[in-house]
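# Structure assessment
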Amino acid sequence: MPLVPATPETIAQAAEALRSGRLVAFATETVYGLGADATNSRAVAGIFEAKGRPRFNPLIVHVADFAAAESFAVIGPKGHLLAKAFWPGPLTLVLRRRAQAGISDLVTAGLETVAVRVPDHPVSLALLNSCGLPIAAPSANRSGHVSPTRAEHVAADLGDAAAFILDAGPCRHGLESTIVDASGERLVLLRSGAVTIEAIEAVLGEKIGRSLDGGERPQAPGQLASHYAPRARLRLEAETVGSGEALLAFGADLPDAQGPVFNLSATGDLVEAAANLFAALRWLDQEGIETIAVMPLPEHGLGEAINDRLRRGAAERR
Ligand code: TXA
Ligand code: MG
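Along each chain, residue indices are assigned from 1 in the same order as the chain's sequence is written. A letter from A marks each chain and a number from 1 marks each ligand, given out in the order of writing. In keeping with the model being predicted, local features are shown solely for residues with a pLDDT of at least 70 and side-chain atom pairs are shown and tallied solely at 80 or more, while totals for entire chains, interfaces and linings include all residues. Hydrogens and water molecules were not included; the side-chain quantities draw on all heavy atoms of the structure.

## What about the layout of surface pockets?
In this structure, the second largest pocket encloses a volume near 230 Å³. Using protein atoms alone on a 1 Å grid, points that fit a 1.4 Å probe yet trap it form a cavity, whereas open point sets bounded by protein on both sides within 12 Å along at least five of seven lines form a pocket; residues with an atom within 4 Å of a point count as lining. Around the second largest pocket sit V74, I75, G76, P77, K78, G79, R96, A182, S183, G184, E185 and L187, which together line it. Ranked by residue count, the leading element in the lining of the second largest pocket is helix 4 (residues 77–86), at three residues. For the lining of the second largest pocket, the per-class residue count stands at five nonpolar, four polar and three charged. Grid points are joined across faces, edges and corners, and a volume is the space filled by probe spheres set on the points. Only DSSP runs of H or I reaching four residues or more are called helices, and only runs of E reaching two or more are called strands; each is numbered from the N terminus. The residue classification treats Ala, Val, Leu, Ile, Met, Phe, Trp, Tyr, Cys and Pro as nonpolar and Asp, Glu, Lys and Arg as charged. All others, Gly included, are polar.

See the structure below:
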């Protein structure tokens, strides 16, 4: 049973587990999070596997301070005001991501933006400082269940999927963080939460937009129509590869191909395949490639989320 009281010793052990690519559930001031090293795609794929999420929603990256956020996200003047006012605390900012800063494509689901927050909980902050990594963490519940506000909820939902569940009692807010998209000129509220919109507008001295149902912008939580879609057409369930086509492969038994080939997992490992998916799509989306032939992938486990992404990529060509 991975549930342990959060102490300096267990936090240090959990930090080591994170550094070695394992999952750690931990208390924050909002709800318990299921964390992974945000720079390690395989570890992040493990989050989706553990939650049983049928699609790749982008995840919030947790950092210890403003400087750490700035290392991989561009914080404009308004974002800066909000960060100064509410960090550490239950406000998540969606910001333009710095492409080469090492955050996994799976964390952002291929988007050009990244969601970041500095949590205000001694256990979260101790874990972040101890591991020295940005931690990607959704709420630590099975997909479709309510967010966990006690360590026992996490244990009931996720069992042994995390190496540690750092118990620090009930969460103070018991409600997720407020999400504000600060990546564009006009700020937009994407999810209401523990910080009120009135408090945000008071700090900014102006009204902000609201896109709780995706009306104003496509990337509202749960809507996210603007996920990375390759320029090339995706041809699904491909058994053969035509001339001029690239191949997105899976498994050991590949059809003949003249063009570029990226194998998501030669051993048929769906965690490895999920970890590689967004990087593979970007790499295959090369000059001169009109179509990416995609081999069939199983529909079970992470295959469901991978296939969901590929189907939407096939439908929503940019
Ligand atoms: O309080 C919280 O925020 C908790 C604790 C653990 O920090 N985390 C949490 O994560 O609620 P999650 O994964 O359950 O919700 C994250 C939300 C999702 O609705 C997702 O769509 C949105 O954040 N999100 C993440 N990155 C985004 C982005 N780049 N653009 C728009 N929305 C984004
Ligand atoms: Mg959630």
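Read on for the rest.
## Here's the deal with the pattern of salt bridges
Take a side-chain nitrogen of Lys or Arg and a carboxyl oxygen of Asp or Glu: if they are within 4 Å of each other, that pair is a salt bridge. This structure, assessed with the given rule, holds 14 salt bridges. Here E245 makes a salt bridge to R235, at a shortest N to O gap of 2.8 Å. Pair noted here: E245 is in strand 14 (residues 245–249) and R235 is in strand 13 (residues 233–235), with a separation of ten residues, a long-range link. As a salt-bridge pair, R311 and E299 come within 2.3 Å of each other at their nearest N and O atoms. One end of the pair, R311, is in helix 9 (residues 303–315); the other, E299, is in the loop between strand 16 (291–294) and helix 9, and twelve residues separate them in sequence. Using a 1.4 Å probe on the protein chains alone, a residue whose accessible area is under 20% of its type maximum counts as buried, one over 50% counts as exposed, and one in between counts as partly exposed. Since its relative accessible area comes to 45%, R311 is described here as partly exposed. Exposure remark for E299: the relative accessible area of 42% places this residue in the partly exposed category. One salt-bridge network, in which partners are shared between bridges, spans R97, D105, E112 and R282.

## Let's talk about the nonpolar core
What is meant by a nonpolar core is a set of buried Ala, Val, Leu, Ile, Met, Phe, Trp, Tyr and Cys residues, joined one to another through side-chain atoms within 4.5 Å. If you look at the biggest cluster of nonpolar residues, it comprises 79 residues, and the most contacted ones within it are F56, W87 and L248. Among the elements that line this core, the one with the most residues is helix 8 (residues 270–284), at ten residues. In this description, contact between two residues means that some pair of their heavy atoms is separated by no more than 4.5 Å. Among all residues touching W87, those that are not within four sequence positions of it are F66, A69, I75, L82, L93, V116, R117 and V118. Judged by nonpolar contacts, the second largest core, of 18 residues, contains L128, C131, L133 and L166.

## A few points about the sheet that holds strand 13
Should DSSP find at least two bridges between two strands, the strands are regarded as paired. Strands sit in the order 13-16-14-15 across an open sheet of four strands; the sheet is parallel. Both edges of this open sheet fall to strand 13 and strand 15 (261–263), since each of them pairs with a single strand only. Neighbour to neighbour, the strand axes of the sheet diverge by 20 degrees on average, direction disregarded. Relative to strand 16, strand 13 runs parallel, the two sharing three bridges. Its bridge partner lying in strand 16, R235 is registered against A293. Note on geometry: axes are lines fitted to C-alpha atoms, helical ones only across the stretch in contact, with angles between N-to-C directions running from 0 to 180 degrees. Strand contacts of helix 8: strand 13, strand 14, strand 15 and strand 16, with the helix running at about 180 degrees to strand 15, the strand carrying the most contacts.

## Considerations on the packing of aromatic side chains
Side-chain rings of Phe, Tyr and Trp (the six-membered ring for Trp) are treated as a pair once their centres are within 6.5 Å; stacked means planes under 30 degrees apart, edge-to-face means over 60, and tilted covers the remaining angles. Going through the model one piece at a time under the given rule, you end up with four aromatic pairs. With 6.2 Å between their ring centres and 70 degrees between their planes, F56 and F278 make a pair best called edge-to-face. Here F56, found in the loop between helix 2 (41–51) and strand 4 (60–62), pairs with F278, found in helix 8; they are 222 residues apart in sequence, far enough to count as distant. The two residues F56 and F278 agree in class, both being buried. Joined through ring pairs, the aromatic side chains of F48, F56 and F278 make up one cluster. Cation placement over rings: the criterion is NZ of Lys or CZ of Arg within 6 Å of the ring centroid and within 35° of the ring normal. Across from the ring centre of F66, 4.4 Å away, lies the NZ or CZ of K84, which sits over that ring.

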